[in-house]
Amino acid sequence: MTRLIVVSNRVAMPRDRAARAGGLAVGVLSALKRSGGMWFGWSGETSESPAPQPKVVKSGGITYATIDFTADEFDAYYNGYCNSTLWPLLHYRLGLVEHSRQNQDAYMRINARFADHLATLVRPGDVIWIHDYQLMALPGELRLRGLRNRIGFFLHIPLPGPEIFCALPAHKQLMGSLAEADLVGFQTESDLRAFRDYALYEAGGSQRPDGAIEMFGRRLRAGVFPIGIDVEEMKALAVEAENDEEVRRLADSISSRQLIIGVDRLDYSKGILNRIDAVGELLTTRPDYRNRITFVQIAAPSRIDVARYKKLRREIEGCAGRVNGKHAEIDWVPIRYLNRVFPRRQLAGFYRVARVGLVTPLRDGMNLVAKEYVAAQNPSDPGVLVLSRFAGAARDMKGAIIVNPFDQVEMAEALDQALRMPLPERQERWRKLMGALQRNDLATWSDSFLDTLNTSERAAA
Ligand SMILES: O=P(O)(O)OC[C@H]1O[C@H](O[C@H]2O[C@H](CO)[C@@H](O)[C@H](O)[C@H]2O)[C@H](O)[C@@H](O)[C@@H]1O
Ligand SMILES: O=c1ccn([C@@H]2O[C@H](COP(=O)(O)OP(=O)(O)O)[C@@H](O)[C@H]2O)c(=O)[nH]1
(Lines give C-alpha, C1' and ligand atoms only; values in the text may rest on other atoms or scores of the structure.)
(Ligands and ions follow the chains in the order given, each with its own letter.)
Protein backbone atom coordinates (compact mmCIF):
# COMPACT_ATOMS: atom_id res chain seq x y z
CA MET A 1 0.00 0.00 0.00
CA THR A 2 1.25 3.50 -0.77
CA ARG A 3 2.07 5.75 2.16
CA LEU A 4 0.60 9.26 2.32
CA ILE A 5 2.94 12.10 3.21
CA VAL A 6 1.07 15.31 3.94
CA VAL A 7 3.10 18.51 3.97
CA SER A 8 1.75 21.80 5.27
CA ASN A 9 3.20 24.82 6.95
CA ARG A 10 1.19 24.29 10.09
CA VAL A 11 0.94 20.89 11.73
CA ALA A 12 -1.73 20.43 14.38
CA MET A 13 0.11 18.36 16.99
CA PRO A 14 -2.08 16.15 19.18
CA ARG A 15 -1.25 18.26 22.27
CA ASP A 16 -2.10 21.75 21.00
CA ARG A 17 -5.04 21.09 18.70
CA ALA A 18 -7.61 23.03 20.68
CA ALA A 19 -5.39 26.07 20.90
CA ARG A 20 -5.25 26.95 17.21
CA ALA A 21 -7.94 27.89 14.77
CA GLY A 22 -7.79 27.30 11.04
CA GLY A 23 -9.62 25.19 8.51
CA LEU A 24 -6.57 23.66 6.86
CA ALA A 25 -5.39 21.88 10.00
CA VAL A 26 -8.91 20.64 10.74
CA GLY A 27 -9.29 19.24 7.22
CA VAL A 28 -5.85 17.66 6.91
CA LEU A 29 -6.00 16.01 10.30
CA SER A 30 -9.29 14.40 9.58
CA ALA A 31 -8.01 13.13 6.17
CA LEU A 32 -4.89 11.65 7.79
CA LYS A 33 -6.89 10.02 10.59
CA ARG A 34 -8.68 8.02 7.91
CA SER A 35 -5.68 6.89 5.92
CA GLY A 36 -2.74 7.05 8.37
CA GLY A 37 0.63 8.29 7.14
CA MET A 38 3.02 11.12 7.92
CA TRP A 39 2.41 14.83 8.47
CA PHE A 40 5.46 17.02 7.96
CA GLY A 41 5.71 20.74 8.61
CA TRP A 42 6.52 23.54 11.00
CA SER A 43 6.14 22.86 14.73
CA GLY A 44 4.63 26.31 15.32
CA GLU A 45 7.70 27.08 17.50
CA THR A 46 10.79 29.22 17.02
CA SER A 47 14.17 28.40 18.54
CA GLU A 48 17.64 29.95 18.43
CA SER A 49 19.25 26.91 16.87
CA PRO A 50 16.67 24.54 15.37
CA ALA A 51 17.56 20.83 15.58
CA PRO A 52 19.13 19.55 12.36
CA GLN A 53 16.62 16.68 12.18
CA PRO A 54 12.81 16.83 12.40
CA LYS A 55 11.24 15.91 15.71
CA VAL A 56 9.17 12.76 15.21
CA VAL A 57 6.11 11.85 17.29
CA LYS A 58 3.70 8.98 16.60
CA SER A 59 0.08 9.14 17.68
CA GLY A 60 -3.14 7.49 16.49
CA GLY A 61 -1.62 5.96 13.34
CA ILE A 62 -0.08 9.28 12.24
CA THR A 63 3.62 10.11 12.32
CA TYR A 64 4.19 13.81 12.98
CA ALA A 65 7.55 15.14 11.82
CA THR A 66 8.14 18.80 12.61
CA ILE A 67 10.88 21.40 12.42
CA ASP A 68 11.36 24.73 14.20
CA PHE A 69 12.21 28.05 12.55
CA THR A 70 14.51 30.70 13.92
CA ALA A 71 12.80 33.93 14.97
CA ASP A 72 14.25 35.68 11.90
CA GLU A 73 12.95 32.97 9.56
CA PHE A 74 9.53 33.13 11.19
CA ASP A 75 9.49 36.85 10.64
CA ALA A 76 10.68 36.91 7.03
CA TYR A 77 8.98 33.74 5.77
CA TYR A 78 5.73 33.48 7.78
CA ASN A 79 4.95 37.07 8.81
CA GLY A 80 6.65 38.47 5.74
CA TYR A 81 6.34 36.64 2.45
CA CYS A 82 3.48 34.27 3.39
CA ASN A 83 1.24 36.69 5.24
CA SER A 84 2.21 40.19 4.07
CA THR A 85 2.83 39.33 0.41
CA LEU A 86 1.09 36.16 -0.76
CA TRP A 87 -1.95 36.25 1.54
CA PRO A 88 -3.18 39.74 0.53
CA LEU A 89 -2.25 39.19 -3.13
CA LEU A 90 -4.13 35.91 -3.39
CA HIS A 91 -7.12 37.50 -1.64
CA TYR A 92 -7.27 40.19 -4.35
CA ARG A 93 -5.93 42.91 -1.98
CA LEU A 94 -3.09 44.39 -4.06
CA GLY A 95 -3.16 47.55 -1.96
CA LEU A 96 -2.10 45.60 1.13
CA VAL A 97 0.79 43.73 -0.50
CA GLU A 98 4.23 44.34 0.97
CA HIS A 99 7.16 42.93 -0.90
CA SER A 100 10.87 42.59 -0.27
CA ARG A 101 13.59 40.49 -1.85
CA GLN A 102 14.81 39.41 1.60
CA ASN A 103 11.41 37.96 2.47
CA GLN A 104 11.13 36.30 -0.93
CA ASP A 105 14.56 34.71 -0.41
CA ALA A 106 13.55 33.51 3.04
CA TYR A 107 10.43 31.88 1.53
CA MET A 108 12.49 30.10 -1.11
CA ARG A 109 15.00 28.97 1.54
CA ILE A 110 12.33 27.54 3.82
CA ASN A 111 10.72 25.72 0.90
CA ALA A 112 14.17 24.33 0.01
CA ARG A 113 14.72 23.25 3.63
CA PHE A 114 11.37 21.44 3.64
CA ALA A 115 12.55 19.63 0.50
CA ASP A 116 15.89 18.69 2.10
CA HIS A 117 14.11 17.06 5.03
CA LEU A 118 11.51 15.37 2.88
CA ALA A 119 14.21 13.92 0.65
CA THR A 120 15.42 11.94 3.67
CA LEU A 121 11.93 10.96 4.89
CA VAL A 122 10.19 9.99 1.67
CA ARG A 123 10.40 6.44 0.28
CA PRO A 124 9.83 5.48 -3.36
CA GLY A 125 6.13 4.85 -3.86
CA ASP A 126 5.03 7.36 -1.20
CA VAL A 127 2.43 9.85 -2.36
CA ILE A 128 3.17 13.44 -1.36
CA TRP A 129 0.31 15.89 -0.79
CA ILE A 130 1.48 19.49 -0.33
CA HIS A 131 -0.89 22.10 1.10
CA ASP A 132 -1.26 25.77 0.50
CA TYR A 133 0.38 29.04 -0.42
CA GLN A 134 3.21 28.75 2.12
CA LEU A 135 4.71 25.91 0.06
CA MET A 136 4.22 26.83 -3.58
CA ALA A 137 7.94 26.46 -4.31
CA LEU A 138 8.09 22.96 -2.81
CA PRO A 139 7.11 20.74 -5.77
CA GLY A 140 9.94 22.23 -7.83
CA GLU A 141 12.43 21.85 -4.97
CA LEU A 142 11.49 18.19 -4.52
CA ARG A 143 12.02 17.46 -8.22
CA LEU A 144 15.40 19.25 -8.07
CA ARG A 145 16.38 16.66 -5.45
CA GLY A 146 15.45 13.85 -7.81
CA LEU A 147 12.19 12.76 -6.17
CA ARG A 148 9.98 11.01 -8.71
CA ASN A 149 7.05 10.33 -6.36
CA ARG A 150 3.54 11.41 -7.21
CA ILE A 151 3.11 14.96 -5.96
CA GLY A 152 -0.22 16.69 -5.42
CA PHE A 153 -0.63 20.34 -4.46
CA PHE A 154 -3.82 21.84 -3.03
CA LEU A 155 -4.38 25.59 -2.72
CA HIS A 156 -6.74 26.34 0.18
CA ILE A 157 -7.08 30.03 -0.60
CA PRO A 158 -8.26 31.82 -3.75
CA LEU A 159 -6.12 32.26 -6.83
CA PRO A 160 -6.69 35.57 -8.64
CA GLY A 161 -6.30 35.88 -12.41
CA PRO A 162 -2.93 36.63 -14.01
CA GLU A 163 -3.69 40.39 -14.06
CA ILE A 164 -3.27 40.32 -10.27
CA PHE A 165 -1.02 37.31 -9.75
CA CYS A 166 1.65 38.64 -12.10
CA ALA A 167 2.21 41.60 -9.77
CA LEU A 168 4.21 39.11 -7.74
CA PRO A 169 7.85 39.36 -8.85
CA ALA A 170 8.31 35.59 -8.33
CA HIS A 171 5.12 34.58 -10.18
CA LYS A 172 7.02 32.55 -12.75
CA GLN A 173 9.10 30.68 -10.17
CA LEU A 174 6.04 29.73 -8.17
CA MET A 175 3.93 28.69 -11.15
CA GLY A 176 6.91 26.86 -12.61
CA SER A 177 7.15 24.93 -9.35
CA LEU A 178 3.43 24.07 -9.35
CA ALA A 179 3.87 22.73 -12.87
CA GLU A 180 6.21 20.09 -11.38
CA ALA A 181 3.29 18.60 -9.44
CA ASP A 182 1.19 15.85 -11.00
CA LEU A 183 -2.07 17.34 -9.77
CA VAL A 184 -2.92 20.86 -8.63
CA GLY A 185 -6.24 21.27 -6.83
CA PHE A 186 -8.38 24.33 -6.11
CA GLN A 187 -11.45 25.15 -4.04
CA THR A 188 -13.56 26.64 -6.87
CA GLU A 189 -13.96 26.84 -10.64
CA SER A 190 -12.93 30.47 -10.52
CA ASP A 191 -9.54 29.57 -8.97
CA LEU A 192 -9.04 26.82 -11.56
CA ARG A 193 -9.92 29.26 -14.34
CA ALA A 194 -7.29 31.69 -13.01
CA PHE A 195 -4.69 28.92 -13.10
CA ARG A 196 -5.65 27.91 -16.63
CA ASP A 197 -5.54 31.54 -17.74
CA TYR A 198 -2.04 31.85 -16.33
CA ALA A 199 -0.93 28.72 -18.19
CA LEU A 200 -2.52 29.78 -21.46
CA TYR A 201 -2.03 33.55 -21.55
CA GLU A 202 1.02 34.15 -19.40
CA ALA A 203 3.13 31.01 -19.65
CA GLY A 204 2.33 30.31 -23.31
CA GLY A 205 1.08 26.85 -22.37
CA SER A 206 -1.89 24.89 -23.63
CA GLN A 207 -4.76 22.72 -22.57
CA ARG A 208 -5.02 19.20 -24.01
CA PRO A 209 -8.33 17.65 -25.06
CA ASP A 210 -8.26 15.43 -21.93
CA GLY A 211 -8.10 18.57 -19.74
CA ALA A 212 -4.42 18.26 -18.81
CA ILE A 213 -2.46 21.51 -18.79
CA GLU A 214 0.93 21.94 -20.38
CA MET A 215 3.23 24.70 -19.23
CA PHE A 216 6.93 25.22 -18.62
CA GLY A 217 7.66 21.94 -20.44
CA ARG A 218 5.52 19.89 -18.04
CA ARG A 219 2.11 18.25 -18.27
CA LEU A 220 -0.12 18.19 -15.20
CA ARG A 221 -3.73 17.82 -14.19
CA ALA A 222 -5.64 20.56 -12.43
CA GLY A 223 -9.09 20.32 -10.88
CA VAL A 224 -11.65 21.59 -8.41
CA PHE A 225 -11.88 19.77 -5.05
CA PRO A 226 -13.96 21.86 -2.64
CA ILE A 227 -13.08 21.02 0.94
CA GLY A 228 -15.94 19.84 3.14
CA ILE A 229 -16.40 18.96 6.80
CA ASP A 230 -17.03 15.79 8.76
CA VAL A 231 -20.77 16.37 8.99
CA GLU A 232 -21.54 13.56 11.46
CA GLU A 233 -18.76 14.71 13.79
CA MET A 234 -20.06 18.28 13.83
CA LYS A 235 -23.65 17.09 14.40
CA ALA A 236 -22.53 14.97 17.35
CA LEU A 237 -20.39 17.78 18.82
CA ALA A 238 -23.33 20.16 18.66
CA VAL A 239 -25.68 17.76 20.44
CA GLU A 240 -23.09 16.97 23.14
CA ALA A 241 -22.35 20.67 23.61
CA GLU A 242 -25.88 21.30 24.82
CA ASN A 243 -24.55 20.24 28.25
CA ASP A 244 -21.42 22.39 28.05
CA GLU A 245 -21.17 25.05 30.76
CA GLU A 246 -20.14 27.89 28.39
CA VAL A 247 -22.87 27.00 25.90
CA ARG A 248 -25.46 27.08 28.68
CA ARG A 249 -24.13 30.44 29.86
CA LEU A 250 -24.51 31.80 26.36
CA ALA A 251 -28.03 30.39 25.93
CA ASP A 252 -29.15 31.71 29.36
CA SER A 253 -27.71 35.15 28.71
CA ILE A 254 -29.45 35.41 25.34
CA SER A 255 -32.77 34.54 26.96
CA SER A 256 -35.63 35.23 24.54
CA ARG A 257 -33.50 37.36 22.18
CA GLN A 258 -32.32 36.05 18.82
CA LEU A 259 -28.60 35.28 18.54
CA ILE A 260 -26.57 36.17 15.46
CA ILE A 261 -23.11 34.60 15.43
CA GLY A 262 -19.86 35.28 13.56
CA VAL A 263 -16.78 33.07 14.04
CA ASP A 264 -13.50 33.81 12.31
CA ARG A 265 -9.78 34.14 12.67
CA LEU A 266 -9.13 37.83 13.13
CA ASP A 267 -8.29 38.47 9.49
CA TYR A 268 -9.12 41.31 7.08
CA SER A 269 -10.25 38.76 4.48
CA LYS A 270 -13.16 37.79 6.76
CA GLY A 271 -15.04 41.10 6.46
CA ILE A 272 -15.59 41.53 10.20
CA LEU A 273 -15.74 45.35 10.04
CA ASN A 274 -18.32 45.34 7.24
CA ARG A 275 -20.34 42.82 9.22
CA ILE A 276 -20.38 44.91 12.40
CA ASP A 277 -21.46 47.91 10.34
CA ALA A 278 -24.27 45.84 8.85
CA VAL A 279 -25.56 45.04 12.34
CA GLY A 280 -25.39 48.77 13.10
CA GLU A 281 -27.31 49.47 9.90
CA LEU A 282 -30.01 46.97 10.89
CA LEU A 283 -30.47 48.65 14.27
CA THR A 284 -30.56 52.11 12.71
CA THR A 285 -33.08 51.27 10.01
CA ARG A 286 -35.20 48.87 12.09
CA PRO A 287 -35.03 50.10 15.67
CA ASP A 288 -37.64 47.51 16.73
CA TYR A 289 -34.75 45.02 16.84
CA ARG A 290 -33.26 46.88 19.83
CA ASN A 291 -33.05 44.55 22.80
CA ARG A 292 -34.35 41.70 20.61
CA ILE A 293 -31.07 40.57 19.05
CA THR A 294 -27.50 39.92 20.19
CA PHE A 295 -24.58 39.62 17.81
CA VAL A 296 -21.69 37.53 19.14
CA GLN A 297 -18.48 37.91 17.12
CA ILE A 298 -15.67 35.51 17.97
CA ALA A 299 -12.41 36.67 16.40
CA ALA A 300 -9.61 34.22 17.16
CA PRO A 301 -6.20 35.95 17.29
CA SER A 302 -4.20 35.19 14.16
CA ARG A 303 -0.80 36.27 12.77
CA ILE A 304 -0.51 38.65 15.70
CA ASP A 305 2.96 39.99 14.77
CA VAL A 306 1.87 41.20 11.34
CA ALA A 307 1.23 44.97 11.37
CA ARG A 308 -1.96 44.82 9.30
CA TYR A 309 -3.48 42.29 11.71
CA LYS A 310 -2.60 44.45 14.73
CA LYS A 311 -4.24 47.41 13.01
CA LEU A 312 -7.34 45.39 12.20
CA ARG A 313 -7.71 44.38 15.83
CA ARG A 314 -7.77 48.03 16.85
CA GLU A 315 -10.22 48.83 14.04
CA ILE A 316 -12.61 46.08 15.13
CA GLU A 317 -12.47 47.24 18.73
CA GLY A 318 -13.26 50.78 17.59
CA CYS A 319 -16.05 49.69 15.26
CA ALA A 320 -17.76 47.40 17.82
CA GLY A 321 -17.40 50.14 20.44
CA ARG A 322 -19.03 52.70 18.13
CA VAL A 323 -22.02 50.50 17.30
CA ASN A 324 -22.48 49.53 20.96
CA GLY A 325 -22.11 53.14 22.04
CA LYS A 326 -24.78 54.24 19.61
CA HIS A 327 -27.34 51.47 20.16
CA ALA A 328 -26.79 49.93 23.61
CA GLU A 329 -29.34 50.37 26.34
CA ILE A 330 -28.82 50.30 30.07
CA ASP A 331 -29.52 46.55 30.24
CA TRP A 332 -28.46 45.42 26.74
CA VAL A 333 -25.53 45.67 24.30
CA PRO A 334 -26.01 44.60 20.69
CA ILE A 335 -22.45 43.31 20.07
CA ARG A 336 -20.36 40.96 22.17
CA TYR A 337 -16.88 40.83 20.75
CA LEU A 338 -14.57 38.03 21.92
CA ASN A 339 -10.94 38.15 20.86
CA ARG A 340 -9.96 34.57 21.71
CA VAL A 341 -9.91 31.00 20.45
CA PHE A 342 -12.68 28.61 21.43
CA PRO A 343 -12.46 24.84 21.04
CA ARG A 344 -14.54 23.52 18.16
CA ARG A 345 -16.75 21.45 20.50
CA GLN A 346 -17.89 24.69 22.17
CA LEU A 347 -18.27 26.50 18.87
CA ALA A 348 -20.57 23.66 17.80
CA GLY A 349 -22.83 24.45 20.76
CA PHE A 350 -22.72 28.20 20.09
CA TYR A 351 -23.69 27.60 16.44
CA ARG A 352 -26.69 25.55 17.55
CA VAL A 353 -27.98 28.28 19.82
CA ALA A 354 -27.68 30.94 17.08
CA ARG A 355 -30.67 31.80 14.92
CA VAL A 356 -28.38 33.33 12.28
CA GLY A 357 -24.87 32.33 11.17
CA LEU A 358 -23.33 35.47 9.68
CA VAL A 359 -20.44 34.46 7.41
CA THR A 360 -19.46 37.38 5.23
CA PRO A 361 -15.82 37.26 4.09
CA LEU A 362 -14.67 39.75 1.47
CA ARG A 363 -12.84 36.81 -0.15
CA ASP A 364 -12.29 33.32 1.25
CA GLY A 365 -10.93 30.07 -0.16
CA MET A 366 -13.80 28.03 1.27
CA ASN A 367 -14.85 28.96 4.84
CA LEU A 368 -15.51 25.90 6.93
CA VAL A 369 -17.35 27.90 9.59
CA ALA A 370 -20.27 28.28 7.15
CA LYS A 371 -20.45 24.49 6.79
CA GLU A 372 -20.01 23.83 10.51
CA TYR A 373 -22.82 26.25 11.34
CA VAL A 374 -25.26 24.35 9.13
CA ALA A 375 -24.23 20.90 10.38
CA ALA A 376 -24.64 22.00 14.01
CA GLN A 377 -28.29 23.09 13.66
CA ASN A 378 -31.23 21.42 15.35
CA PRO A 379 -33.27 19.91 12.46
CA SER A 380 -36.57 20.77 14.13
CA ASP A 381 -35.63 24.45 14.64
CA PRO A 382 -32.70 25.28 12.35
CA GLY A 383 -31.07 28.69 12.06
CA VAL A 384 -30.39 30.57 8.84
CA LEU A 385 -27.01 30.98 7.14
CA VAL A 386 -26.24 34.43 5.69
CA LEU A 387 -23.26 33.88 3.41
CA SER A 388 -20.99 36.06 1.30
CA ARG A 389 -20.94 35.36 -2.41
CA PHE A 390 -17.15 35.67 -2.19
CA ALA A 391 -16.66 32.62 0.06
CA GLY A 392 -15.78 29.43 -1.82
CA ALA A 393 -18.58 27.84 0.23
CA ALA A 394 -21.18 29.94 -1.61
CA ARG A 395 -20.71 27.82 -4.75
CA ASP A 396 -22.70 24.89 -3.44
CA MET A 397 -24.58 26.32 -0.45
CA LYS A 398 -27.63 27.54 -2.32
CA GLY A 399 -29.96 27.29 0.68
CA ALA A 400 -28.16 30.23 2.33
CA ILE A 401 -29.13 33.88 1.92
CA ILE A 402 -26.31 35.01 -0.34
CA VAL A 403 -25.05 38.57 0.15
CA ASN A 404 -22.46 40.99 -1.17
CA PRO A 405 -20.37 41.85 1.92
CA PHE A 406 -19.48 45.25 0.46
CA ASP A 407 -23.16 46.22 0.53
CA GLN A 408 -24.10 47.12 4.10
CA VAL A 409 -27.74 47.76 3.25
CA GLU A 410 -28.14 44.40 1.51
CA MET A 411 -26.56 42.67 4.51
CA ALA A 412 -28.92 44.43 6.94
CA GLU A 413 -31.88 43.36 4.77
CA ALA A 414 -30.59 39.79 4.71
CA LEU A 415 -30.36 39.83 8.51
CA ASP A 416 -33.91 41.07 8.74
CA GLN A 417 -35.07 38.35 6.32
CA ALA A 418 -33.19 35.68 8.32
CA LEU A 419 -34.53 36.86 11.68
CA ARG A 420 -38.12 36.88 10.41
CA MET A 421 -37.94 33.66 8.41
CA PRO A 422 -40.79 31.24 9.20
CA LEU A 423 -39.95 27.74 10.42
CA PRO A 424 -41.01 25.82 7.26
CA GLU A 425 -38.72 27.97 5.09
CA ARG A 426 -35.84 27.60 7.56
CA GLN A 427 -36.29 23.84 7.50
CA GLU A 428 -36.47 23.68 3.73
CA ARG A 429 -33.34 25.77 3.29
CA TRP A 430 -31.52 23.77 5.96
CA ARG A 431 -32.37 20.42 4.30
CA LYS A 432 -31.02 21.75 1.02
CA LEU A 433 -27.81 22.92 2.70
CA MET A 434 -27.34 19.63 4.55
CA GLY A 435 -27.78 17.73 1.29
CA ALA A 436 -24.92 19.73 -0.21
CA LEU A 437 -22.71 19.18 2.86
CA GLN A 438 -23.34 15.44 2.84
CA ARG A 439 -22.72 15.06 -0.90
CA ASN A 440 -19.39 16.82 -0.54
CA ASP A 441 -17.93 16.12 2.87
CA LEU A 442 -14.37 15.93 4.08
CA ALA A 443 -13.92 12.32 3.03
CA THR A 444 -15.13 13.14 -0.49
CA TRP A 445 -12.58 15.96 -0.66
CA SER A 446 -9.54 13.92 0.32
CA ASP A 447 -10.66 10.74 -1.48
CA SER A 448 -11.39 12.50 -4.75
CA PHE A 449 -8.14 14.47 -4.64
CA LEU A 450 -6.04 11.40 -3.81
CA ASP A 451 -7.87 9.15 -6.31
CA THR A 452 -7.27 11.68 -9.07
CA LEU A 453 -3.63 12.03 -8.02
CA ASN A 454 -3.10 8.28 -7.93
CA THR A 455 -4.55 7.80 -11.39
CA SER A 456 -3.08 10.85 -13.11
CA GLU A 457 -0.81 10.19 -16.02
CA ARG A 458 2.76 11.15 -15.15
CA ALA A 459 4.80 12.53 -17.96
CA ALA A 460 6.79 15.54 -19.01
CA ALA A 461 5.17 17.40 -21.89
O1 LIG B 1 -1.81 28.84 9.86
P2 LIG B 1 -2.35 30.20 10.15
O3 LIG B 1 -1.50 31.29 9.58
O4 LIG B 1 -2.66 30.37 11.61
O5 LIG B 1 -3.76 30.33 9.41
C6 LIG B 1 -4.77 29.34 9.52
C7 LIG B 1 -5.10 28.75 8.16
O8 LIG B 1 -5.85 29.72 7.44
C9 LIG B 1 -6.12 29.49 6.06
O10 LIG B 1 -7.19 28.56 5.85
C11 LIG B 1 -7.75 28.29 4.56
O12 LIG B 1 -8.09 26.93 4.50
C13 LIG B 1 -9.44 26.60 4.84
C14 LIG B 1 -9.61 25.10 4.61
O15 LIG B 1 -9.44 24.76 3.26
C16 LIG B 1 -10.42 27.39 4.00
O17 LIG B 1 -11.77 27.06 4.35
C18 LIG B 1 -10.19 28.87 4.23
O19 LIG B 1 -11.01 29.61 3.33
C20 LIG B 1 -8.73 29.25 3.98
O21 LIG B 1 -8.53 30.59 4.42
C22 LIG B 1 -4.85 29.11 5.35
O23 LIG B 1 -5.10 28.85 4.00
C24 LIG B 1 -4.12 27.98 6.01
O25 LIG B 1 -2.90 27.71 5.33
C26 LIG B 1 -3.81 28.37 7.44
O27 LIG B 1 -3.20 27.29 8.12
O1 LIG C 1 -12.06 30.18 18.00
C2 LIG C 1 -12.05 29.46 17.00
C3 LIG C 1 -12.31 29.96 15.70
C4 LIG C 1 -12.30 29.07 14.63
N5 LIG C 1 -12.02 27.74 14.83
C6 LIG C 1 -12.03 26.79 13.70
O7 LIG C 1 -11.16 27.24 12.70
C8 LIG C 1 -11.65 26.84 11.44
C9 LIG C 1 -11.70 28.04 10.52
O10 LIG C 1 -11.74 27.57 9.22
P11 LIG C 1 -12.25 28.44 8.01
O12 LIG C 1 -12.18 27.57 6.82
O13 LIG C 1 -13.60 29.00 8.29
O14 LIG C 1 -11.25 29.68 7.89
P15 LIG C 1 -9.66 29.81 8.03
O16 LIG C 1 -9.42 30.29 9.43
O17 LIG C 1 -9.05 28.48 7.77
O18 LIG C 1 -9.29 30.87 7.04
C19 LIG C 1 -13.01 26.21 11.65
O20 LIG C 1 -12.89 24.80 11.64
C21 LIG C 1 -13.39 26.70 13.03
O22 LIG C 1 -14.23 25.81 13.75
C23 LIG C 1 -11.76 27.26 16.09
O24 LIG C 1 -11.52 26.06 16.27
N25 LIG C 1 -11.79 28.13 17.15
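Residues numbered from 1 in each chain as written. Chains lettered and ligands numbered in written order. Predicted model: local features only at pLDDT ≥ 70, side-chain atom pairs only at ≥ 80, totals over all residues. Heavy atoms only, no water.

So the rule is basically this: UniProt positions are given in the numbering used here, feature names are shortened, and annotations may be inferred rather than shown by experiment.
In the nomenclature of an unreviewed UniProt entry, the chain is known as Trehalose-6-phosphate synthase of Dongia sedimenti. Heading Function (unreviewed entry) of the UniProt record for the chain holds this comment: "Probably involved in the osmoprotection via the biosynthesis of trehalose. Catalyzes the transfer of glucose from UDP-alpha-D-glucose (UDP-Glc) to D-glucose 6-phosphate (Glc-6-P) to form trehalose-6-phosphate. Acts with retention of the anomeric configuration of the UDP-sugar donor." The UniProt entry for the chain carries the following text under Catalytic activity (unreviewed entry): "D-glucose 6-phosphate + UDP-alpha-D-glucose = alpha,alpha-trehalose 6-phosphate + UDP + H(+)".

1. Some points on the domain arrangement of the chain
Worth spelling out the cut-off: Domain start and stop positions are those given by an automatic or database domain assignment. Only heavy atoms matter for contacts: two residues are in contact if any of them lie within 4.5 Å across the pair. By convention, the term buried area covers the 1.4 Å-probe accessible surface removed from two parts as they join, with the contributions of both added.
Assigned domains of the chain: these are domain 1 (4-228 + 443-455) and domain 2 (231-439). Between the C-alpha centres of domain 1 and domain 2 the distance comes to 30 Å. In this assembly, 28 residues from domain 1 lie in contact with 22 residues from domain 2. Both sides together, the interface formed by domain 1 and domain 2 hides about 2000 Å², and carbon and sulfur atoms give 63% of it.

2. What to know about the pairing of strand E5 (residues 127-131)
For the record, the criterion: The rule is simple: take the accessible area with a 1.4 Å probe, protein chains only, and divide by the maximum for that residue type; under 20% is buried, over 50% is exposed, in between is partly exposed. Segments assigned H or I by DSSP are reported as helices when at least four residues long, segments assigned E as strands when at least two residues long, and all are numbered from the N terminus. Note on pairing: DSSP must find at least two bridges between two strands before they are called paired.
For E5, the buried fraction is high: 5 of the 5 residues fall into the buried class. Across the two faces of E5 the burial is the same, with Val 127, Trp 129 and His 131 and Ile 128 and Ile 130 all buried. Of the strand pairs in this sheet, strand E1 (residues 4-10) and E5 are connected by 5 bridges, and their pairing is parallel. The residue bridging Val 6 from the neighbouring strand is Trp 129, located in E5. Bridge count between E5 and strand E6 (residues 150-154): 5 bridges; the pairing is parallel. Across the sheet, Val 127 pairs through a bridge with Arg 150, a residue of E6.

3. A closer look at the site of ligand 1
Stated precisely, the cut-off is as follows: One heavy atom within 4 Å of a molecule or strand is enough for the residue carrying it to be called near that molecule or strand. Two N or O atoms count as a polar contact when they lie within 3.5 Å, although within protein this holds only if one can serve as hydrogen donor and the other as acceptor, and sequence-adjacent residues are included solely when both atoms are side-chain atoms. Per-residue accessibility takes into account occlusion by the displayed protein chains alone, with areas from the Shrake-Rupley method and a 1.4 Å probe. Amino acids outside the nonpolar list (Ala, Val, Leu, Ile, Met, Phe, Trp, Tyr, Cys, Pro) and the charged list (Asp, Glu, Lys, Arg) are all regarded as polar, and Gly is one of them.
The immediate surroundings of ligand 1 are formed by 20 residues, with Arg 10, Tyr 78, Asp 132, His 156 and Asp 364 found nearest. Contacts to ligand 1 include His 156, whose side-chain N or O atom sits 2.6 Å from an oxygen atom. In this structure, Met 366 approaches ligand 1 through a main-chain N or O atom, which is 2.8 Å from an oxygen atom. Surface burial for ligand 1 is 96%, taken as the share of its 560 Å² of free accessible area covered by protein chains. When residues of the shell around ligand 1 are traced back to their parent elements, those giving at least two are helix H1 (23-35) and helix H2 (71-90). In terms of residue class, the shell around ligand 1 is built from 8 nonpolar, 7 polar and 5 charged. The residue makeup of the shell around ligand 1 includes at least three contributed by each of domain 1 (4-228 + 443-455) and domain 2 (231-439).

4. Focus: the nonpolar core
Side chains of nonpolar character tend, in soluble globular proteins, to be buried together. Note the threshold: To define a nonpolar core, start from buried Ala, Val, Leu, Ile, Met, Phe, Trp, Tyr and Cys residues and group those joined through side-chain atoms within 4.5 Å.
Counting 95 residues, the largest nonpolar core has Val 7, Tyr 107 and Phe 195 as its most contacted members. Examining the composition of this core, we find that 10 residues originate from one element, H2, more than from any other. Counting residues domain by domain, this core receives three or more from each of domain 1 (4-228 + 443-455) and domain 2 (231-439). Among residues more than four places away in sequence, those in contact with Phe 195 are Leu 159, Met 175, Leu 178, Val 184, Phe 186, Ile 213, Met 215, Leu 220 and Ala 222. Grouped together as the second largest cluster of nonpolar side chains are 64 residues, Val 6, Val 127, Leu 237 and Leu 453 included.

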